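Secondary and tertiary structure notes
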Amino acid sequence: MTPAPLARVDARAKVTGSVKYAADRVPDGLLYAVLTCASIPRGRVIAVDTSAAEAQPGVLMVLSRLEADEVQSAGYLMAGRFGMTSVQPLSDDRISYRGQPIAVVVGQTLHETVEGARLVAARYESEPAALRLGDEGAETVDQADVLPPGMGDGVDIGDAQRALADADVLVAADYILPPQSPAPMEPIGCVVDWTADRLVVHEGTQNASALRHGLAQQLGIDPDTIDIRSPFLGGGFGNKIALGAHTAWAAVASRRLGRPVKLILTRSQMFLATSARPESHHRIRLGATRAGRIVAATHDVDQQTSRADNYPADYVSYSSRMYGIENFRGHERLVRTDVHTPGFMRAPWEHPASFALETAVDELAYACGLDPVQLRLMNDTATDPVTGRPFSSRHLSECLTRGSQMFDWNKRSPEPGAMRASDGTHIGWGMAAGAYGSPTVAAVTHLRAGPDGRLTVSTGAHEMGQGIRTVITEAVVNDLGIPLECVVLDIGDTRGAPQHITAGSWGTVSVLRGVHEALAALRVRLHLPPAGPVGDLGQRVAASSSTAVHVRAETRGPGQPAEAITRLYQGGLTKQGPVYPEFTSYSYVAHFVEVHLTPLTRQLRVVRTVSVLDCGRVASPVTAASQVRGAVVWGLGAALQEICEVDPRFGGFLNDDLAAYSVPVNADLPSIELSFIGVPDLALSPSGIKSLGEVGMVGLAAAIGNAVFHATGRRHRKLPIRTDDLL
Ligand code: MOS
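Here the residue numbering is sequential within each chain, running from 1 through the sequence in written order. Selection of residues for local features in this predicted model requires a pLDDT of at least 70, selection of side-chain atom pairs for listing and counting requires 80 or more, and totals for whole chains, interfaces and linings are taken over all residues. Computation of side-chain values: all heavy atoms of the structure, hydrogens and water removed.

With that settled, consider the overall build of the protein chain. Secondary structure assignment for the protein chain yields 19 helices and 24 strands. Radius of gyration (C-alpha) of the protein chain: 26 Å, near the 27 Å computed for a compact globule of 727 residues. Burial here depends on accessible area, computed with a 1.4 Å probe over protein chains only, as a share of the maximum for the residue type. Under 20% is buried, over 50% is exposed, and the range in between is partly exposed. A buried classification covers 60% of the 727 residues belonging to the protein chain. In this description, contact between two residues means that some pair of their heavy atoms is separated by no more than 4.5 Å. Summarising the internal contacts of the protein chain: among those between residues at least 6 apart in sequence, 80% fall at separations of at least 24. Under the convention used here, Asp and Glu are negative, Lys and Arg are positive, and both His and the chain ends fall outside the count. Just so you know, the charge point we use is NZ for Lys, CZ for Arg, CG for Asp and CD for Glu. The positive charge centre, built from 66 side chains, and the negative charge centre, built from 76, are 3 Å apart in the protein chain. Helix and strand labels come from DSSP, where a helix needs a run of H or I of at least four residues and a strand needs a run of E of at least two; each type is numbered from the N terminus. The size measure is the radius of gyration over C-alpha atoms, and the globule rule it meets is 2.2 Å times the number of residues to the 0.38 power.

Okay, structure coming up:
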């Protein structure tokens, strides 16, 4: 019997306000820290005048230059260290990006401190800055030349140039995607208390271990003296994936003043002084037979990074595996610009790459006179074309077929502009597919079964709103048959298990591998059968000799070496896959959308979406559906609204707040229909689960663009598509 799906276990606590986020904490004696940020994108700060700020009542300290060696750089996450960037502001006079902090003001009340920060004055020596791709001074490098081998090498299989030259039908086009901000509702920030022997940090982060080890490196102290507590985040989306610069300053202030310190970034600082999705340009060429079989493709990408760090571009891993294309060349270049190091934002590479690829595939379908669903079905593959090994599971064709049925796709008139409502409204039906890798990471899971019948699960996971608490609770309840009130979670807190970065849609599959292995060990310890309800867990524990029973599991991804566990304890990244020694694992989606466009005023609305997903077994139906709905909303925002408008004069973004950075609100939302294929992927892990968080967004923007083409006959290759593009 399938147990009834669990409702979100923390829903009540969240909607009634009893969940405490970092900024909600007001310990006794709390001081406030506020940043003053640079108003130029590049150059030197030659003088910082802090006198007016220091004279402001309530201000206790203004930090504009750290003592030598007081704070070291934590290093860059993607170079194997811990930070969002290797830039460590306040340690020298360089300004590398607009919004780089130049002073930290600490005071008694928030109001006094904000005023103090406003009074900090600086003089700069400006240098010309490159802010966008194509700006003068932007430096373009081959990614393969600057990243270690195995990262960003590109893809080269078969002979793409030659097969393109020989192809009957050719599509060649350029696609442009803008910088975007992850804009989580909960801003980045911390409450820090550094007492004699311990540094305690409350901060919503996707990577508590990196904060612990990065702070230890920055401050020159033992990581074991640092506790990071991140039980809940108000959204992460990649913006909280590593250590930011602010945390160490709050720690320094707390140590110098002997009081707890709260430092929360303003909304504008969230846009300027944290990571954003970088601008990327894509050139796609597809070559096909007249019958629609894709024989060759190339995908060339230019992606923005900063001068300081090589934020990797990994678009072509996805685009080379989406279809069974035998001749494929994918090549990526990094463009160094004067911005904060860009960062991960939901489906960081797959969303832009899918907009390019899936629009091009729609263009190809029209060029071949084929239905776009049919064309995709024809180009499906069971084999990873890059490695020649099988996919662990791939149910893309079922997603396409089921989605067509749910949407009534066969009622579509294929010619652009052919479908009109009686009032003249243009109707567009478009579709696209998507995929997202299913990587896994190492985990340590500790269970404590108490004589009171409670089971405490300590493992590496951060609850960002995606539902990992519900997923773990549901897994335990379904396995042991104990009441859900008896399941206690200890996650996002470095006092428990190591807290590996939660990102890349690897959380559920990685954590459940550990939880199930630990539960199996618990059953052995308690002399219970390997499956089935265990009855009264407290009695089972009491029947064994100890007061509480402890078990532990160390788990790794398929084929992952044991040193992953060592790296896990050092706060490092242990990502494995989606290319594993014996197979490649991806999740899949097919999206179908209907748009309406008013004929005169050119108002575009997405009125309905149907998305069908293959993400293996669905661990938690309630939170999985919610994740996908959220992903669809993200895709909608990416297609029609979200763009950081670069300020060409001073750097940064003109729309650096939630009023001007447009994201979908409830009134923008279509009817969102979902379905899961639900076939377990038992090659990847015993739980049968694949990735879910990000795949739901992949391809959605292309499906909308394709629907707009169907409505109007006009092809959009640049996002977002806004009213002025539709006139
Ligand atoms: Mo997600 S962009 O991998 O946090």
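Simply put, an axis is a line fit to the C-alpha atoms, just over the touching stretch for a helix, and the angle between two N-to-C directions goes from 0 to 180 degrees. Between helix 13 (residues 468–480) and helix 14 (residues 507–525), the shortest axis-to-axis distance is 10 Å and the interhelical angle comes to 30°. The orientation of helix 13 with respect to helix 14, classified from their angle, is roughly parallel. Handedness of the crossing formed by helix 13 with helix 14: right-handed. Residues Ile 468, Val 471, Ile 472, Ala 475, Val 476, Asp 479 and Leu 480 of helix 13 form the contact with helix 14, whose own contacting residues are Gly 507, Thr 508, Val 511, Leu 512, Val 515, His 516, Leu 519, Leu 522 and Arg 523. Amino acids are sorted into nonpolar (Ala, Val, Leu, Ile, Met, Phe, Trp, Tyr, Cys and Pro), charged (Asp, Glu, Lys and Arg) and polar (every other residue, Gly among them). Taken together, the residues that form the contact of helix 13 with helix 14 break down as 11 nonpolar, 3 polar and 2 charged. Each angle gets one of four labels, with under 35 degrees taken as roughly parallel, over 145 as roughly antiparallel, 65 to 115 as roughly perpendicular, and the rest as oblique. Two helices cross in a left-handed way if the nearer one is turned anticlockwise from the farther one by less than a right angle. They cross in a right-handed way if the turn is clockwise.

With that out of the way, let us pick up the pattern of salt bridges. A side chain with one charge can pair with a side chain of the opposite charge if their charged atoms come near. The rule for a salt bridge is simple: a side-chain nitrogen of Lys or Arg has to be within 4 Å of a carboxyl oxygen of Asp or Glu. Summed over the entire model, instances satisfying the criterion amount to 31 salt bridges. Residue Asp 338 is joined to Arg 307 by a salt bridge in which the shortest nitrogen-to-oxygen separation is 2.8 Å. Here the residue Asp 338 occupies a position in the loop between strand 16 (327–337) and helix 10 (350–368), and Arg 307 occupies one in the loop between strand 15 (294–306) and helix 9 (316–319), the gap between them amounting to 31 residues. Residue class for Arg 307 comes out partly exposed when judged on its relative accessible area of 29%. Residues participating in the shared-partner salt-bridge network are Arg 42, Arg 94, Glu 127, Arg 307 and Asp 338.

The next subject is the packing of aromatic side chains. Stacked, tilted and edge-to-face pairs are distinguished by plane angle, under 30 degrees for stacked and over 60 for edge-to-face with tilted covering the rest, among Phe, Tyr and Trp rings (Trp via its six-membered ring) whose centres lie within 6.5 Å. As enumerated under the stated definition, the model contains 14 aromatic pairs in all. Residues Phe 407 and Phe 592 carry aromatic rings whose centres are separated by 5.9 Å and whose planes lie at 35° to one another, so their mutual orientation is tilted. A residue pair is termed long-range when its members are at least 10 positions apart, and Phe 407 in helix 12 (residues 396–407) and Phe 592 in strand 22 (residues 586–597) qualify at 185 residues. A single burial state applies to Phe 407 and to Phe 592, both of which are buried. Taken together, a centroid distance of 5.5 Å and an interplanar angle of 45° make the contact between Tyr 580 and Phe 583 tilted. For the residue pair Tyr 580 and Phe 583, the accessibility class agrees, reading buried in each case.

Turning our eyes to something else, we now look at the layout of surface pockets. The volume enclosed by the second largest pocket comes to roughly 480 Å³. With a 1 Å grid laid over protein atoms only, a set of points is called a cavity when a 1.4 Å probe fits there but cannot get out and a pocket when it is open yet has protein on both sides within 12 Å along at least five of seven lines; lining residues have an atom within 4 Å of a point. If you go around the second largest pocket, you meet 25 residues; those closest to its centre are Pro 3, Ala 475, Asn 478, Asp 479 and Arg 617. Among the elements that take part in the lining of the second largest pocket, helix 13 stands out by supplying 7 residues, more than any other. When the residues that make up the lining of the second largest pocket are grouped by side-chain class, the tally is 15 nonpolar, 6 polar and 4 charged. Grid points are joined across faces, edges and corners, and a volume is the space filled by probe spheres set on the points.

Before going further, it helps to examine the side chain of Lys 240. Secondary-structure assignment places Lys 240 in the loop between strand 12 (226–229) and helix 7 (246–257). According to the relative accessible area criterion, Lys 240 is buried, its value standing at 2%. Leaving out residues up to four positions away in the same chain, Lys 240 has contacts with Pro 184, Glu 186, Pro 187, Ile 188, Gly 204, Thr 205, Gln 206, Asn 207, Leu 233, Gly 234 and Gly 235.

Glancing now at helix 3 (residues 110–119). Where helix 3 is concerned, the buried positions are Thr 113, Gly 116 and Ala 117. For helix 3, the buried positions fall inside an angular range of 100° around the axis, keeping them on one side. In helix 3, the exposed positions angled more than 90 degrees off the buried face are occupied by His 111 and Arg 118. Looking at the buried positions of helix 3, the neighbouring elements they touch are strand 1 (31–37), helix 2 (51–55), strand 3 (59–63) and strand 5 (101–107). By definition, the arc is the one covered by directions from the helix axis to the C-beta atoms.

Next up on the list: the sheet that holds strand 5. The strand order across the open sheet formed by 7 strands is 3-5-1-13-10-11-12, and the pairing between neighbours is mixed. With partners counted over all chains shown, the strands left at the sheet margins are strand 3 and strand 12, one partner each. When the angles between neighbouring strand axes are averaged without regard to direction, this sheet yields 20°. Pairing geometry for strand 1 and strand 5, over 6 bridges, is antiparallel. Bridge pairing in strand 5 places Thr 36 opposite Ala 103. Helix-sheet contacts for helix 6 (residues 208–219) involve strand 10 (189–194), strand 11 (199–203) and strand 12, and the interaxial angle to strand 12 is about 145°. The criterion for strand pairing is that DSSP finds at least two bridges linking the strands in question.

This part is about the state of the cysteines. Here, a disulfide means two cysteine sulfur atoms that sit within 2.5 Å of each other. Counting across every chain of the model gives 0 disulfides. The structure places no disulfide on Cys 190, whose sulfur is separated from the nearest cysteine sulfur, that of Cys 37, by 14 Å. We classify Cys 190 as buried; its relative accessible area is 0%. Not engaged in a disulfide, the cysteine Cys 615 finds its nearest cysteine sulfur in Cys 399; these two sulfurs lie 8.8 Å apart. Given the relative accessible area of 2%, Cys 615 is considered buried.

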